[in-house]
Amino acid sequence: MAEHKEKKRKHHGDANTRPKKKVAIQTPSEPAQPSIVKVSSVQKAKSCPPVIATSPGLVVPNAVKFQAYTKQQPTGSRKSKAADSGLLLHSSSHGKLDYTAKEDGPGGRESHLKHYIGVFDPQTGQLSVMEAKKMAVRGVVRTQEAPEEDPAERQASKTMLQLRNNLGEAFGTKKAKKALAAITENAIAPERAVADAGGNPKKLNVASQALMESINDVTMGMASKEDLQAAADAAKPVPPGNFNAEEIQDVYTIEELIGGEILNAIPIKDWQEQIKKQQNKATPSQFTSTRLVPIGEGPNPVHRLKALRYLEFLVRFVKAARPGKERGTKRVPPRDKLREILQPAPEPVIENIRRKFSASGEMRKFHTDLVYTYSCALASILSNYTFDTAPIRYDLGLDEKQFAQYFKEIGGKIKIAKEKGSNRRQIAVLALPLEFPKVRYQRPRQ
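Structural notes, computed from the coordinates. Predicted model only: the values in this text are computed from it and were never measured.

### Brief notes about the packing of aromatic side chains
- Tallied over the full model, the rule gives 7 aromatic pairs.
- Each ring, one from Phe243 and one from Tyr252, has its centre 6.0 Å from the other, and the planes form 85°; the classification is edge-to-face.
- Ring plane angle 85° and centroid distance 5.3 Å describe the contact between Phe357 and Tyr374, whose orientation is recorded as edge-to-face. A residue pair is termed long-range when its members are at least 10 positions apart, and Phe357 in the loop between helix H13 (347–356) and strand E10 (362–363) and Tyr374 in helix H14 (residues 365–382) qualify at 17 residues. The exposure classification of Phe357 matches that of Tyr374, with both residues buried.
- Connected via pairs of aromatic rings, a cluster forms that spans Phe243, Tyr252 and Phe436.
- Taking the ring centre of Trp271 as reference, the NZ or CZ of Arg309 above it sits at 4.0 Å.

As structure tokens, then:
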């Protein structure tokens, strides 16, 4: 049976509904302008039309004045009837550069386009249009004629280095000739220029100075190597720190790593009772088991015990993550399951860890690396900046090479302590001056 299709009824809005379109309100101070613009005339200059000029790659000074030149087509030819006379602008008013403005020839990107300049009169509403020329300004370094030199003086001014270079170019190997050619190409720099008879570097000529000035203008806004290094350091998954500190305990602090409010919310009463009764109960973290009693009986125990429990929460959090759908990602357990895993952590502490070290329930490589670097920094603080890496490596599931890489990201150093027999221990040391891995820059292939 055919289904009966009901027609949708149109929705009749309220009569008092506001219109969607905005109404233009004319203020009494503004003069009324005509709503229709009329083109009064379209003119075409015969000899000197207006010019729309661009200067790609150049900064043309405002004081530069151009001279106009035209090239008339021969009379009687077919081109003279169909095409306009060629226009060329030239300027030699600059001290070192010659500027030339030309139109795009046949086959150019905009050779099939026409450009116009319009002048609008708001009182009458008329627009006067005139055809304009689209031109591109190019700059060329002005050639300088070298003064004539006496051959005898030229021969006498040659230094021993120049004579040796001449011998190398005449009888040297391919490698030697290539090295001499490289010296010639790099001679534009004053510090690398071939020295004169007095041993002083030669001065740049006018053409070289103009080229250096243009290079300086272009590269003025480019980022330096230090800027690139700072940007790369800011994007790294490392904990925040005061890297200008004069004492190692001021570089990474517990308050800055965890936060004052989160630190106050971390419970440690069960640990304090355990230490008071001298009970050594096993914990899921090997690092926590070895540091619990020394920290509880040491200086500032409440502050440091809370940092130790936060580190234990991080170990549980990263262990509870499972492989995600995408390669290199991990999936965080649901909130109910996460509460059971991070017990006795309160809700603010759980949300702080989940938001800081994951995004939308997923841990990407950045979040995983951030957990490991945070763990390295907290382990250093709780171990007085020198410790055996075996317990914390076991908790995080890292081998020696992986842990060394993460520890170097926070500026630490790794040492190997050899014991009797074939036993060896990996010792992590965090001390000033911090040594961070440098960003590697690959040279472009030639």
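Now that the structure has been shown, we can carry on.
### Regarding the pattern of salt bridges
- Enumeration over the complete set of coordinates arrives at 16 salt bridges.
- Arg309 is paired through a salt bridge with Glu312; the nearest N and O atoms lie 3.9 Å apart. In this pair, Arg309 and Glu312 both sit in helix H11 (residues 301–320), 3 residues apart, roughly one turn of the helix. Neither Arg309 nor Glu312 differs from the other in exposure class; each is buried.
- Salt bridges here are not isolated pairs; linked through shared partners, they connect Asp270, Arg309, Glu312 and Arg316.

### Looking at the environment of Ile275
- Here Ile275 lies in helix H9 (residues 269–276).
- Taking relative accessible area as the criterion, Ile275 reaches 15% and is therefore assigned buried.
- As for Ile275 and Ile295, which are separated by 20 residues in sequence, their C-alpha atoms are 9.9 Å apart.
- If we ignore the near neighbours within four places in the chain, the residues touching Ile275 are Leu292, Gly296, Glu297 and Leu305.

### A short note on the packing of H9 against helix H10 (residues 286–296)
- Relative to each other, H9 and H10 sit at 75°, their axes nearing to 10 Å. One finds that H9 runs roughly perpendicular with respect to H10. When H9 is examined against H10, the residues Trp271, Gln274 and Ile275 are found in contact with a partner set consisting of Thr288, Leu292 and Gly296.
- Along the lines of polarity and charge, the residues of the contact of H9 with H10 split into 3 nonpolar, 3 polar and no charged.

### Quick word on the packing of H10 against H11
- Orientation of H10 relative to H11, taken along the N-to-C sense of each, is 170°, at an axis distance of 10 Å. As far as their axial angle goes, H11 and H10 are roughly antiparallel. From H10, Phe287, Thr288, Arg291, Leu292, Ile295 and Gly296 reach across to H11, where they touch Pro301, Arg304, Leu305, Leu308, Leu311 and Glu312.
- Its residues placed into classes, the contact of H10 with H11 shows 7 nonpolar, 2 polar and 3 charged.

### A word on unusual backbone geometry
- Backbone torsion omega between Gln343 and Pro344 reads 5°, so that peptide bond is classified as cis.
- Checked against the element boundaries, Pro344 lands in the loop between helix H12 (335–341) and H13.
- With an omega of -5°, the peptide bond running from Leu432 to Pro433 counts as cis.
- Along the chain, Pro433 turns up in the segment after strand E13 (424–429).
- The phi dihedral of Asn384 is positive, around 60°, even though this residue is not glycine.
- Mapping Asn384 onto the fold places it in the loop between H14 and strand E11 (386–388).
- The exposure class of Asn384 is exposed, given its relative accessible area of 58%.

### Focus: H9
- Every buried residue of H9 is accounted for by Trp271, Gln274 and Ile275. Down the axis of H9, the buried set is contained in an arc of 95°. They therefore lie on one face. Residues of H9 that are exposed and angled more than 90 degrees away from the buried face: Lys269 and Lys276.
- Looking at the buried residues of H9, the elements they touch are H10 and H11.

### A closer look at helix H3 (residues 160–171)
- Between its terminal C-alpha atoms H3 stretches 16 Å, which fits the 16 Å expected from 12 residues at 1.5 Å a residue.
- Tucked into the core, H3 has its buried residues touching helix H4 (174–185).

### Some words on the sheet that holds E11
- Read from one edge of the open sheet, 3 strands run E11-E13-E12, paired in antiparallel fashion. The two strands at the open ends of the sheet, each matched to only one other strand, are E11 and strand E12 (413–418). Neighbouring strand axes in the sheet, compared pairwise and without regard to direction, differ in orientation by 30° on average.
- As judged from the 6 bridges shared by E12 and E13, these two strands associate in the antiparallel manner.

Cut-offs applied
Residues numbered from 1 in each chain as written. Predicted model: local features only at pLDDT ≥ 70, side-chain atom pairs only at ≥ 80, totals over all residues. Heavy atoms only, no water. Phe/Tyr/Trp six-rings, centres within 6.5 Å; stacked < 30°, edge-to-face > 60°. Helix = DSSP H or I, 4+ residues; strand = E, 2+ residues; numbered from the N terminus. Buried < 20%, exposed > 50% of the residue type's maximum accessible area, 1.4 Å probe, protein only. Lys NZ or Arg CZ within 6 Å of the ring centre and 35° of its normal. Salt bridge = Lys/Arg side-chain N within 4 Å of Asp/Glu carboxyl O. Contact = heavy atoms within 4.5 Å. Axes fitted to C-alpha atoms, helices over the stretch in contact; angles between N-to-C directions. Parallel < 35°, antiparallel > 145°, perpendicular 65-115°, else oblique. Nonpolar A, V, L, I, M, F, W, Y, C, P; charged D, E, K, R; others polar. Arc of directions from axis to C-beta. Expected span 1.5 Å × (residues − 1). Pairing = 2+ DSSP bridges.

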